[in-house]
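Coordinate analysis (summary)
Spelled out, the chains give:
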Amino acid sequence: SPARTQHGFAAAGGKLYLHGGQCDSYLNDLHVYDPAAHAWRALEPPAAPLDRCRHAFVSDGLRLFMLGGYFPMEGSPTGHALDDMFVLAPAVQPALWASLAAPVAGQAPGLNNHRMAGDGAGRIYVYGGETS
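The sections below set out a description of the structure shown in this document. (Residues numbered from 1 in each chain as written. Predicted model: local features only at pLDDT ≥ 70, side-chain atom pairs only at ≥ 80, totals over all residues. Heavy atoms only, no water.)

1. Overview of unusual backbone geometry
Just so we agree on the cut-off: Where helices and strands are cited, they refer to DSSP runs of H or I of at least four residues and of E of at least two residues respectively, numbered from the N terminus. Per-residue accessibility, obtained with a 1.4 Å probe over protein chains only, is compared with the maximum for each type, and a residue is labelled buried under 20%, exposed over 50%, and partly exposed between these values.
Here the amide bond leading from Gln93 into Pro94 is cis, since omega sits at 0 degrees, within 30 degrees of zero. You can see Pro94 is positioned in the loop between strand E7 (79–88) and strand E8 (97–100). A positive phi angle, close to 55 degrees, is found at Gln6, a residue other than glycine. If you trace the backbone, Gln6 turns up in the segment before strand E1 (8–12). Here Gln6 falls in the partly exposed class, since its relative accessible area comes to 37%. We note that Arg54 has phi near 55 degrees; this positive angle belongs to a residue other than glycine.

So this is what it looks like as structure tokens:
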């Protein structure tokens, strides 16, 4: 996979997944590392989210969840924080990104540079971050 910073990284189904980030530009690609084969492979699931960096990426063991991040604005030196959330089940074929509705308790804040963690019981926790 290409060198990058500010990317998402999570484990699911015994493999490691790397998403997006920033290199010379903002990225929305997805790569999987298989430790058994000691090899990286690019994945291209349809309906990929916007290019982004500084997003949170977490797994419940089978699915990958992505929240927020930072998106560049065309022709502007600044961008904006995203408030979208996506899920991907990489073991299900064809693997598709699916947009998730806002959390039950209300609209997700625009977040970047935040952290997420799953508790193994179906809950995901979001901590910290910036709104701009």
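2. Focus on the sheet that holds strand E6 (residues 64–72)
For the record, the criterion: At least two DSSP bridges between two strands are required for those strands to pair. Every angle, taken between N-to-C directions, lies between 0 and 180 degrees, and every axis is a line fitted to C-alpha atoms, over only the stretch in contact when it is a helix.
Here four strands make up an open sheet; going across it, the order is E5-E6-E7-E8 and the pairing antiparallel. The sheet terminates laterally at strand E5 (56–59) and E8, the two strands that pair on one side only. Neighbouring strand axes in the sheet, compared pairwise and without regard to direction, differ in orientation by 30 degrees on average. The pairing of E6 with E7 spans eight bridges and is classified as antiparallel. Following the sheet pairing, Met66 is matched in E7 by Phe86.

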